[in-house]
Amino acid sequence: MVKLSDISIGTKIWGGFLALLGVLVLIALVATLRFSGLRDGISDYQAIASDAATVSEIKAQTLRAQVQAQEFLNRPTAESSAAALASIKGAREAAKAVLGRTADARWKSALGEIDAALAAYSAAFAEVSEIQLRMSETAQGSNERIAFDLERKLTRLVKEATAEGEGEMAFRFSQSLRALLLARVYFTKYLDGFADANADRVAREFEAMGTEIKSVRARLYSGDRRDQIDQMIGSGVTYAEGLAAIRKDAATRGEIVETRLMPQGAKAVDLVQRFDDMAESQKQARAEAMRDDAGSAFAIVAATSLASIVLTLLMAKLLSSGIAGPVRRMTAAMKRLADKDMSTEIPALDTRDEIGEMARAVQVFKDNMILADRLAAEQAEAQKAQLDRATALGQLTCDFDGNVGAMLQALASAGSQMQASAKAMSGQASDSLERAAATAAAADQASSNVQTVAATADELSASIGEISRQMEQAAAIASEAADQTEKATAVVRNLAASAARIGDIVRLITDIAENTNLLALNATIEAA
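What counts, and where the lines are drawn
- Residues numbered from 1 in each chain as written.
- Predicted model: local features only at pLDDT ≥ 70, side-chain atom pairs only at ≥ 80, totals over all residues.
- Heavy atoms only, no water.
- Patch = residues over 30% accessible without salt bridge, like charges linked within 9 Å, V, L, I, M, F, W, Y side chains within 5 Å.
- Areas by Shrake-Rupley, 256 points an atom, 1.4 Å probe, with all protein chains shown as cover.
- Salt bridge = Lys/Arg side-chain N within 4 Å of Asp/Glu carboxyl O.
- Helix = DSSP H or I, 4+ residues; strand = E, 2+ residues; numbered from the N terminus.
- Contact = heavy atoms within 4.5 Å.
- Phe/Tyr/Trp six-rings, centres within 6.5 Å; stacked < 30°, edge-to-face > 60°.
- Axes fitted to C-alpha atoms, helices over the stretch in contact; angles between N-to-C directions.
- Parallel < 35°, antiparallel > 145°, perpendicular 65-115°, else oblique.
- Left-handed = near helix turned anticlockwise from the far one by under 90°.
- Nonpolar A, V, L, I, M, F, W, Y, C, P; charged D, E, K, R; others polar.
- Expected span 1.5 Å × (residues − 1).
- Bend = angle between axes of the 7 residues up to and from the residue.
- Polar contact = N/O pair within 3.5 Å; in protein donor to acceptor, adjacent residues only side chain to side chain.
- Buried < 20%, exposed > 50% of the residue type's maximum accessible area, 1.4 Å probe, protein only.

Chemist: Would you explain a nonpolar patch on the surface in this entry?
Modeler: Together, Trp-14, Leu-18, Leu-21 and Val-25 make up a nonpolar patch on the protein surface, roughly 420 Å² of accessible area in all. Along the chain, Leu-18 turns up in helix H1 (residues 9–74).

Chemist: Is there a simple way to think about the environment of Glu-93 in this case?
Modeler: Of note, Glu-93 is situated in helix H2 (residues 78–101). Along the backbone, Glu-93 and Ile-58 are 35 residues apart, and their C-alpha atoms lie at a distance of 8.7 Å.

Chemist: What should I look at first to understand the side chain of Thr-62 in this one?
Modeler: As for its position among the elements, Thr-62 is in helix H1. If we skip the residues at most four places from it in the chain, Thr-62 touches Ala-91, Leu-118, Ala-268, Val-269 and Val-272.

Chemist: Help me out: how do you make sense of the packing of aromatic side chains in this one?
Modeler: The geometry of an aromatic ring pair is captured by the separation of the ring centres together with the interplanar angle, meaning the angle of the planes. Per the counting criterion, the structure on display carries 4 aromatic pairs. An aromatic cluster is present here, built from Phe-187, Phe-206 and Tyr-239 joined pairwise through their rings.

Chemist: Explain the packing of helix H4 (residues 167–193) against helix H5 (residues 196–218) here, please?
Modeler: Helix-helix packing is described using two parameters, namely the angle between the two axes and the distance between the axes. As a packed pair, H4 and H5 sit with axes 8 Å apart at the nearest point and diverge in direction by 165°. By the angle between their axes, H4 is roughly antiparallel relative to H5. Seen from above, H4 lies across H5 with left-handed handedness. A class-by-class count of the residues in the contact of H4 with H5 yields 16 nonpolar, 4 polar and 5 charged.

Chemist: How should helix H3 (residues 105–164) be read in this particular structure?
Modeler: Helical geometry: 3.6 residues make up each α-helical turn, so side chains three or four residues apart lie on a common side. Here H3 contains 60 residues, and its C-alpha end-to-end distance of 85 Å stays within 8% of the 88 Å for a straight helix at 1.5 Å per residue. If you look at H3, its biggest bend is around 40°, right at Glu-144. A distance of 2.9 Å separates the backbone nitrogen of Arg-106 from a side-chain oxygen at the start of H3, and that oxygen is part of Asp-104. At the C-terminal side of H3, Gly-165 shows a positive phi close to 80°.

Chemist: I tried to follow the pattern of salt bridges on my own but got confused; where do I start?
Modeler: Pairing between side chains becomes possible if they bear opposite charge and their charged atoms approach one another. Inspection of every chain in the model, using the stated rule, returns 14 salt bridges. Put simply, Glu-144 and Arg-184 hold a salt bridge, and the shortest N to O gap is 2.5 Å. Note that Glu-144 is positioned in helix H3 and Arg-184 in helix H4, a separation of 40 residues in sequence. For Arg-184, a relative accessible area of 18% translates into the label buried. Its salt-bridge partner being Asp-149, residue Arg-152 comes within 2.5 Å of it at the nearest N-O pair. Of this pair, Arg-152 and Asp-149 both sit in helix H3, 3 residues apart, roughly one helical turn.

Next comes the structure, spelled out in structure tokens:
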């Protein structure tokens, strides 16, 4: 079984990195898979939400169409009719748009029913709109013009009859005008709700107006007024025909509104409302599923992340115990070795990783330090012995220098004494030569004066010869003394040269000792 300590640090680090990378890849893969599903759910939710918004638009358009249709029924105009038809068309187009992109069978069925109901509602409203506009054209066109013209004529006739003093005729015209005005009031009420009672009242009032006018006409046999009354009677007939047509269209309109428009509108609203409820329910269900998916994805990612954190901590612990711990112990051992603690045990010597190699290198360093210390001690002892020998040699040299100095001093003193004696003997010889010269001068003088004293002169010559011999002997002694002095001086020079050579030897020995100390120090440093 492979131990962790037998694996190299690089392999450990790469192994940990790859393991961590594998965990991260696993987390990314799990997150990608989960969030991919969540993304699909979000896409589905967005599609459903978009369709639900379109359904809400269908609902709004349908309700707006009903409101506009009711406004048209209350106050029919071409603009309100066009607005209602446009709203219905918008609702149908929105339904077809959703129908074209949905694949849900229930949605297709519901949207088909909604479109059919809206189509029926649109057709019914179109018919009602056409009838209503025709009724409005009749009511506000011909009938209104007829009623206005009759009112204007009757008012003038009332004024003329009153001015002519025809009270009964003025009264009849006034009653006709009253009936006309009441007919117009009830006709307006009829147009507001198309109640048959209001239409019947309009018919009765017009009939009453016609009766009054006809009673006046019966009394007139000719004239312009009779023609005017005939025209008014004809206008009343036309008005009655228009009213009959309006009542017929109103009945048809009412039937369409009651049997088709309102039921189809109610059906369309109900279908849209149910479809809106279904879309909202599906949207809520998808939102709930998304929340569940998000929670599940979060739980899985969180669990995977927690597992990766635990694995990372475990790997960090293993790497720390396998790398950092041995490195710290190795650092402590090296510090103790640096403090000359040779009893330090080097850790991790039996491992086969980089720490083991470092430990074995530190062990070699420790062994070399021990060897260096031993060599340094031996070299210190050898150096001490060399220093002792050098000290003894120096002492001998000093003693020899002292003895040679004393000998040289004695020789110098003897030479000085010999030079003094030589000088004194040389002085005596000089004095003897001077006295001999004086004696020779006196002899010369005596010889010239006393030639007769030959014997004395011979003796003096002998004396002078003796003196000359002694002087030559003294000069030889002085020369020998000078030779001895020169020999002593040469001996002194030789001794001085020998002393100089001894000093050079001493210096050489000292240099050798210093070089030996330097070599020993270098060896100690290299060993350390």
